[in-house]
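Letter by letter, the chains look like this.
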Amino acid sequence: MVDFNNFKKNLIELAGNNPSKKFLLAVSGGADSMVLSSLFEINHLKFEIAHVNYHFRGEDSNLDQKLVEKFCSENNLKFHLRDISDDEKSNMKSLQNWAREIRYEFFFNILEKENLDYIVTAHHLNDELETFFINLSRGSGIKGLSGIPKNENRILRPLLNVSKNEIYDFAKENNIDYREDISNKKDDYQRNKIRHHLTPKLLEIFPNFLNQFQESLSYLNSANQFFQEEIQKTFEEILISGDEKEFVLDKEKLLKKHKTIIVEIIRKLGFTGIEIEKVISSENGKFFRSNSHEISIKRTEIYCKKRN
């Protein structure tokens, strides 16, 4: 069950042990974010609420917005709305990436305008599980398998140790209104397929799977922190010259390192999967481009340039 007594304490620790911090809650109207909002209200924290209406589900989208507005009105909270027009939707390519960019741009603008400190989202333990399997399928390495960060780039996620069922139980016991997004019942996206088919089967076979998974995530996260420190040390050791935008790496020193360190250094340059092996085994004169970098392989050096 969601821990009433420690929620505020844990949140303040996430925020750097400063009780005077002010928060912006990303609230959709679903059970997760409405429980999060109620926990903030119960604990008398300083917060405002932001809601994005994409109008993807017609009147259902408007009812989500009205529920969030009602909660803000009843609790005298400042409500921020991003209302997406049809023209904006006509320009999108990847729906999920586009929607994410829209809402986080909106959230960060509010942070600056209202002089707030952190964005808070309602990601929970089931989200962690789904993200783990998605990253596992992509070969994302230990960093991708070590969990969603609790505190990253001014975004806090205080419910990551809480399961979806615990959130529903909390909402029921405390009479918290929320709305279900019917689109979540479809199998249109990889995440929904994991939620509807893989997770139930795992819990059927291993009833205590989520708790054990949480322990494993904790170990992976600890290992990843150590690993990232070692990667950074290696990167500084092989850096010959340059700055964040353009730099030169010592290829000979790099290739003498453990294979895992080599792979992670190349991964830092935006390469994944088989691309990493191609870079590692490439000969003098080869050129590669990732989403984030362009690199040119020389006999003893690797020239790197960050892409705009």
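Below or above, wherever it landed, is the structure these notes cover.

1. Examining the pattern of salt bridges
Evaluation of the coordinates by the stated rule reveals 19 salt bridges. Among the salt bridges present, the one from Arg179 reaches Asp60, with a minimum N-O distance of 3.0 Å. A residue pair is termed long-range when its members are at least 10 positions apart, and Arg179 in the loop between helix 8 (164-173) and helix 9 (190-205) and Asp60 in helix 3 (residues 59-74) qualify at 119 residues. Owing to a relative accessible area of 22%, Arg179 belongs among the partly exposed residues under this scheme. With relative accessibility at 24%, the residue Asp60 sits in the partly exposed group. Among the charged side chains, a network of salt bridges with common partners joins Arg57, Asp60, Asp64 and Arg179.

2. Points about the packing of aromatic side chains
Centre distance and the angle of the planes are the two values used to describe a pair of aromatic rings. What the rule picks out here adds up to 16 aromatic pairs. Aromatic pair Phe235 and Phe247: ring centres 5.7 Å apart, planes at 70°, arrangement edge-to-face. Separated by twelve residues along the polypeptide, Phe235 in helix 10 (residues 209-238) and Phe247 in strand 8 (residues 246-250) bring together distant segments of the chain. Of the aromatic side chains, those joined through ring pairs into one cluster are Phe7, Phe23, Phe40, Phe47 and Tyr118. Between Lys268 and the ring centre of Phe235, over which it is positioned, the NZ or CZ distance is 5.8 Å.

3. Section: the nonpolar core
The biggest cluster of nonpolar side chains holds 32 residues, and the ones touching the most others in it are Phe23, Leu25, Leu36, Phe40, Ile49 and Leu156. Counting residues per element, the ones that place at least two in this core are helix 1 (4-14), strand 1 (23-26), helix 2 (31-42), strand 2 (47-53), helix 3, strand 4 (118-120) and helix 8. Residue contacts for Leu25: discarding those within four places in its chain leaves Leu36, Ser37, Phe40, Phe47, Glu48, Ile49, Ala50 and Val120. Listed in part, the 22 residues of the second largest apolar core include Phe235, Ile262, Ile265 and Ile266.

4. As for the packing of helix 2 against helix 3
The geometry of helix 2 relative to helix 3 is characterised by a closest axis approach of 12 Å and an angle of 5° between their N-to-C directions. When the interaxial angle is binned, helix 2 and helix 3 end up roughly parallel. Residues Met34, Ser37, Ser38 and Glu41 of helix 2 touch helix 3, and the partners they reach there are Leu67, Val68 and Phe71. For the contact of helix 2 with helix 3, the residue count by class is four nonpolar, two polar and one charged.

5. Brief notes about helix 13 (residues 273-281)
All buried positions along helix 13 are accounted for by Ile276, Val279 and Ile280. Down the axis of helix 13, the buried set is contained in an arc of 95°. They therefore lie on one face. Helix 13 presents Ile274 and Ser281 as exposed residues on the side facing more than 90 degrees away from its buried surface. Looking at the buried positions of helix 13, the neighbouring elements they touch are helix 11 (251-255), helix 12 (259-268), strand 9 (287-289) and strand 10 (293-297).

About the thresholds
- Residues numbered from 1 in each chain as written.
- Predicted model: local features only at pLDDT ≥ 70, side-chain atom pairs only at ≥ 80, totals over all residues.
- Heavy atoms only, no water.
- Salt bridge = Lys/Arg side-chain N within 4 Å of Asp/Glu carboxyl O.
- Helix = DSSP H or I, 4+ residues; strand = E, 2+ residues; numbered from the N terminus.
- Buried < 20%, exposed > 50% of the residue type's maximum accessible area, 1.4 Å probe, protein only.
- Phe/Tyr/Trp six-rings, centres within 6.5 Å; stacked < 30°, edge-to-face > 60°.
- Lys NZ or Arg CZ within 6 Å of the ring centre and 35° of its normal.
- Core = buried A, V, L, I, M, F, W, Y, C linked by side-chain atoms within 4.5 Å.
- Contact = heavy atoms within 4.5 Å.
- Axes fitted to C-alpha atoms, helices over the stretch in contact; angles between N-to-C directions.
- Parallel < 35°, antiparallel > 145°, perpendicular 65-115°, else oblique.
- Nonpolar A, V, L, I, M, F, W, Y, C, P; charged D, E, K, R; others polar.
- Arc of directions from axis to C-beta.

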